[in-house]
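Listed here are the chains, written in short residue letters.
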6 protein chains.
Amino acid sequence: MRVCRRATFNAAHRLYRPDWSDEQNNAVFGKCNNPNYHGHNYTLEVWIDGQIDPETGYLIDLKLVKDLIGREVQDRFDHRNLNLDCTEFANLNPTAENIAVVIWNLLREKLDSKYGLSVKLWETQNNIIEYDGK
Amino acid sequence: MRVCRRATFNAAHRLYRPDWSDEQNNAVFGKCNNPNYHGHNYTLEVWIDGQIDPETGYLIDLKLVKDLIGREVQDRFDHRNLNLDCTEFANLNPTAENIAVVIWNLLREKLDSKYGLSVKLWETQNNIIEYDGK
Amino acid sequence: MRVCRRATFNAAHRLYRPDWSDEQNNAVFGKCNNPNYHGHNYTLEVWIDGQIDPETGYLIDLKLVKDLIGREVQDRFDHRNLNLDCTEFANLNPTAENIAVVIWNLLREKLDSKYGLSVKLWETQNNIIEYDGK
Amino acid sequence: MRVCRRATFNAAHRLYRPDWSDEQNNAVFGKCNNPNYHGHNYTLEVWIDGQIDPETGYLIDLKLVKDLIGREVQDRFDHRNLNLDCTEFANLNPTAENIAVVIWNLLREKLDSKYGLSVKLWETQNNIIEYDGK
Amino acid sequence: MRVCRRATFNAAHRLYRPDWSDEQNNAVFGKCNNPNYHGHNYTLEVWIDGQIDPETGYLIDLKLVKDLIGREVQDRFDHRNLNLDCTEFANLNPTAENIAVVIWNLLREKLDSKYGLSVKLWETQNNIIEYDGK
Amino acid sequence: MRVCRRATFNAAHRLYRPDWSDEQNNAVFGKCNNPNYHGHNYTLEVWIDGQIDPETGYLIDLKLVKDLIGREVQDRFDHRNLNLDCTEFANLNPTAENIAVVIWNLLREKLDSKYGLSVKLWETQNNIIEYDGK
């Protein structure tokens, strides 16, 4: 069984590698390489798998998951510039793929190891990422 | 291959254990423990996996799945109080997890064993459950 | 110009008139008259019209509207039984129409009279109400 | 890890088998057998799994996937009659299941074999298909 | 006050004028002029304005509006070819604009004149029409 | 009658007044005043009102409106920093209200004066603006 809590955050970012020329960055990242950044409303689904606790009927209390996402994801990334404000991306290109990996690692560290974890991240309504640590 | 039919139902419920004190129920279930109940528009996706029938091009006729959901889920739970009106929850706390298990069991019993079955249940747009019988 | 803040709340209710017979209540309200209640995830849009403040570029700070909806609507109605828990519906049938009127009146009283006000309420994805005080 | 690009196309179709009688076609396919066709706004999610390229931070450039869907799916099927205009369905009943299989095969042929591929197709908001080649 | 009932129907159509040349039809209607038709999932909102009935708390019973849409709109147009199967479009180009006008006229004729009427029609998620008879 | 074309664009922005102190900017704009910017997926609906052209059955060709939005809105603002890259906001705080006004003015200038114009802008799923030039 899996349960999910959904949340959102809004952030600016720019895709580029500082060790590449402007030409190479533009060729690979196109308009996502705008030096002045652009931004997104990210939607995040955090999926946790495990067994129902027969005491409560919960797999996990989703209010705790909501709070966990608040502390680990929204307090860090909401209304931020991922490249400039967030140490997680100081040396990591903030593609949607890398954002999903960073979020998974942040949550995995705080989540009881008896639970499985997977994250699903919408960068736009048309671009979606899923990551489960593998 | 998997095919899905989506449906909705609206119900009242309350989360609590009759063998717990009010304090304990409030500590665990918070405002979901309101003694006078609250309610939700539940959205259900019923996913069936199997092979395409080369005769028809259907894995299964989704009109049959629609009717099955109507009889087994909507006729039972729509516009009901899950705690008071539904024998399935007479001794079972109607958390979204338990509702998903009950629905899976009801459908599994009526669905040809050649098909796999999984259900996905939205309690709100932010709280989602998936269950496949394991 | 109009600006909107969207919010949700989840509540139980029952449609009926205590001065009518069961037959009459069932004839008019059908399954919405279930004596044990059913429930909905209500979605609310609060629309405010006025002029842009040239100082701030805001018509009104939507964070204030979010807080206003929290205090006046969500604190009152979320995870409640509208018929039993909410004095607003002690003598008023909690149809979606009447809920919209009650919410409009609650917000109107707290909102600066220089602003126009309109509310839009989804009881389900298929049933929607709009009310602007007229 | 999996990444997804979403796209849409609008098409007419009719479900029937030319080797069946009208009675049999109507019994199995009901109103989907209307001889003059009906139609849908199809929504497609193309899911690709693999590893993040440490150079770019992309699993795959989703702009390439967008273009691939444009050439292989939208240019073929958008604003077409699947039965009459599309050779893929000359001898294949255009059920949502078969459309998903055809799309998967078209994309699989053009996609580097190092990537896994899965497609999800909405025929309506209530009827959904998933296919990963198995 | 206004209340709304939402519904859907799926249909094939083609945009063209029989008195125009192919060149002219293609120049104006582009790929919507495909001679073999294409199709859409149409979403319809029917908005009715009036006063709350103090007896029931309803402006109008939305179950009646649901049934009205079923009889007047869905039974006519769902799973049909608008050009070939529907007399309403025998001499009228089935643009979304004209479909909205036809639906408004069909509903207006059956709806008590004390109510105002407006319809909103989605041809796709990006193309929307509103018509109120003026 | 009114017709609408929907489109999206993704941009970074920061809310602040250069002539205010940091304290004042933070007090009024809160986390939206992050000096390194944040961003949004904006959704835009462009509503045009007029009469159906009896020749075509169109109020206006929505492909032209799509192209107009592309040239006037998306080419200017998509994947841009509204504060730094867009002269429209060189001396104008890019609140959602002001963005809506700027878009309305840009479109109004290019749209035949026989049509009425209104825009609806989602900054997030919860914050929405409507502007019709008044």
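First things first, this report covers the structure right here in the doc.

What counts and what doesn't
Residues numbered from 1 in each chain as written. Chains lettered and ligands numbered in written order. Predicted model: local features only at pLDDT ≥ 70, side-chain atom pairs only at ≥ 80, totals over all residues. Heavy atoms only, no water. Helix = DSSP H or I, 4+ residues; strand = E, 2+ residues; numbered from the N terminus. Buried < 20%, exposed > 50% of the residue type's maximum accessible area, 1.4 Å probe, protein only. Contact = heavy atoms within 4.5 Å. Areas by Shrake-Rupley, 256 points an atom, 1.4 Å probe, with all protein chains shown as cover. Lys, Arg positive; Asp, Glu negative; His and termini not counted. Charge placed at Lys NZ, Arg CZ, Asp CG, Glu CD. Phe/Tyr/Trp six-rings, centres within 6.5 Å; stacked < 30°, edge-to-face > 60°. Lys NZ or Arg CZ within 6 Å of the ring centre and 35° of its normal. Least-squares fit on C-alpha atoms with pLDDT ≥ 70 in both. Polar contact = N/O pair within 3.5 Å; in protein donor to acceptor, adjacent residues only side chain to side chain. Pairing = 2+ DSSP bridges.

Some points on the overall build of chain A
Consideration 1: When helices and strands are counted, chain A shows four helices and five strands.
Consideration 2: For chain A, the spread of C-alpha atoms along the three principal axes comes to 60 × 25 × 25 Å.
Consideration 3: Relative to its 134 residues, chain A shows a buried fraction of 63%.
Consideration 4: Sequence-distant contacts in chain A: of pairs separated by 6 or more residues, those separated by 24 or more amount to 66%.
Consideration 5: Total accessible area computed for chain A in this model is approximately 5,600 Å², and 45% of it derives from carbon and sulfur atoms.
Consideration 6: Distance between charge centres in chain A, computed from 16 positive and 20 negative side chains, equals 3 Å.

Regarding the packing of aromatic side chains
Consideration 1: By the definition in use, this model includes 36 aromatic pairs over all chains.
Consideration 2: On the basis of an interplanar angle of 70° and a centroid distance of 5.5 Å, the ring pair of B:Tyr58 and D:Phe29 is categorised as edge-to-face. Placement of the pair is B:Tyr58 in the loop between strand E2 (38-49) and helix H2 (62-77) and D:Phe29 in helix H1 (residues 22-29), with the two residues belonging to separate chains.
Consideration 3: Aromatic side chains D:Trp20 and D:Phe29 sit 5.9 Å apart centroid to centroid with 20° between the ring planes, which places their arrangement in the stacked category. Residues D:Trp20 and D:Phe29 agree in their burial class; the two are buried.
Consideration 4: Site record: aromatic cluster; members linked through ring pairs are A:Phe9, A:Tyr42, A:Phe77 and A:Phe89.
Consideration 5: Above the plane of the ring of E:Trp47 lies E:Arg2, whose end atom (NZ or CZ) is 4.2 Å from the centre.

Structural notes on the relation of the copies chain C and chain B
To go from the first copy of the chain to the second, apply a rotation about an axis and then a shift along the same axis.
Consideration 1: Overlaying chain C with chain B gives an RMSD of 0.0 Å, the required rotation being 180° about an axis along which the chain moves by 0.0 Å. Look at the turn and shift together and you get a two-fold axis relating the two.
Consideration 2: Mapped onto chain B, 100% of the interface residues of chain C again fall at the interface, so both copies present the same surface.

Focus on the side chain of C:Asn98
Consideration 1: By the element assignment, C:Asn98 lies in helix H4 (residues 96-110).
Consideration 2: Among the polar contacts made by the side chain of C:Asn98, one reaches the main-chain carbonyl oxygen of C:Asn93 at a distance of 2.8 Å.
Consideration 3: Those residues in contact with C:Asn98 that lie beyond four places of it in its chain are C:Phe89, C:Leu92, C:Asn93, E:Ile52 and E:Gly57.

A word on the pairing of strand E5 (residues 127-131) of chain E
Consideration 1: With four of its five residues buried, E5(E) lies for the most part within the structure.
Consideration 2: Sheet topology places strand E4 (residues 116-122) of chain E next to E5(E); four bridges connect them, and they run antiparallel. Considered in E5(E), the bridge of E:Lys120 is made with E:Glu130.
Consideration 3: Hairpin geometry of E4(E) and E5(E) is characterised by an intervening segment of four residues between the two adjacent antiparallel strands.
Consideration 4: Two strands pair when backbone bridges link them, and E5(E) and strand E1 (residues 2-13) of chain F are joined in this way by four bridges, in the antiparallel orientation. Bridging across to E1(F), E:Ile128 finds its partner in F:Cys4.

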